[in-house]
Amino acid sequence: MIIVGLTGGIGSGKTTIGKFFKSMGIPVYIADKEAKDLMKRSKVIRRKLVKLFGEKAYVGDELNRSYLSSKIFADEALLSKMNAIVHPKVGAHFKRWLKKQDAPYIIKEAAIIFENGLEGQYDVIITVVADEDLRIGRVVKRDNSSIDRVKAIINNQLSDDEKIKKSDFIIENNDLDTAKKQTEEIHQLLLQRTA
Ligand code: ATP
């Protein structure tokens, strides 16, 4: 089974492109979504996160996301510790999911691939790019974030130029029609590769 990584900066449109692949019958695993889900469901993760962040890490059954992101944003070491708790569980969950799939290839959407040197986990990597002002506008609208906050996140991520150099395919998502067409072309190429 070919594992295709789908990455890109904040607001580039990874999830949107993932839906295009899904509509063509390709299984899509969204690592960030599964991580959030496991942080909510797994008692082991909860215990470890409470130890790391304190009782405020959860409000009832829900993860206190705004509290965690405010903590992590200012402290990279804390982010690494959180990742060390969550990533292995997501990795194991992905492996179990992968075994159940029956398709020529699967898509794993992950915001972070190159940043953590995880390229080796993928056979093919697709990066979604879009102009920065569009990305900022989309995220401000979607999350009600401030422009400065989105810009700070973008500045913290690897630049598109660096990602492009390391990718097998690029999808340009400034407008949906172009992005959809490019997604379909890549899908055909991947099908040929797996035939
Ligand atoms: P994040 O890294 O923040 O999870 P993402 O890369 O997965 O983001 P999406 O969630 O797919 O990006 O897109 C961000 C927002 O922009 C969403 O509200 C989505 O509907 C919208 N969007 C995506 N692509 C386009 C586009 N081409 N035109 C207009 N809006 C778009």
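### Brief notes about the site of the ligand
Close to the ligand lie 14 residues; G13, K14, T16, R142 and N173 are nearest. Within the backbone of G11, one N or O atom sits 3.3 Å away from an oxygen atom of the ligand. At 3.4 Å, a backbone N or O of S12 approaches an oxygen atom of the ligand. Among the elements of the structure, helix 1 (14–23) and helix 6 (132–143) are those that each provide at least two residues to the shell around the ligand. Here the shell around the ligand takes three residues from helix 1, the largest share from any one element. Residues of the shell around the ligand, tallied by class, amount to two nonpolar, seven polar and five charged.

### Looking at the sheet that holds strand 2 (residues 28–30)
The strand order across the open sheet built from five strands is 2-5-1-6-7, with neighbouring strands paired in parallel fashion. Where the open sheet ends on each side, the last strands, each with one partner, are strand 2 and strand 7 (169–172). Geometrically, the sheet is characterised by an average inter-axis angle of 25° between neighbouring strands, direction not taken into account. Sheet analysis places strand 6 (residues 124–129) next to strand 7, joined by four bridges and oriented parallel. Within strand 7, the position partnered with I126 by the bridge is F169. Strands strand 2 and strand 5 (105–109) of the sheet are contacted by helix 2 (residues 31–41), whose axis makes an angle of about 55° with strand 2.

### Things to note about the domain arrangement of the protein chain
When the parts of a complex come together, some accessible area is lost, and that lost area is often taken as the interface size. Taken domain by domain, the protein chain comprises domain 1 (1–27 + 105–195) and domain 2 (32–100). Just the C-alpha atoms count here: the centres of domain 1 and domain 2 sit 23 Å apart. Across the contact, 13 residues belong to domain 1 and seven residues belong to domain 2. Both sides of the domain 1 and domain 2 interface together cover about 790 Å² of buried area, and 68% of this is carbon and sulfur. Linking domain 1 to domain 2 there are zero salt bridges.

Cut-offs and rules
- Residues numbered from 1 in each chain as written.
- Predicted model: local features only at pLDDT ≥ 70, side-chain atom pairs only at ≥ 80, totals over all residues.
- Heavy atoms only, no water.
- Near = heavy atom within 4 Å.
- Polar contact = N/O pair within 3.5 Å; in protein donor to acceptor, adjacent residues only side chain to side chain.
- Helix = DSSP H or I, 4+ residues; strand = E, 2+ residues; numbered from the N terminus.
- Nonpolar A, V, L, I, M, F, W, Y, C, P; charged D, E, K, R; others polar.
- Pairing = 2+ DSSP bridges.
- Axes fitted to C-alpha atoms, helices over the stretch in contact; angles between N-to-C directions.
- Contact = heavy atoms within 4.5 Å.
- Domains from an automatic or database assignment.
- Buried area = accessible area lost by both parts, 1.4 Å probe.
- Salt bridge = Lys/Arg side-chain N within 4 Å of Asp/Glu carboxyl O.

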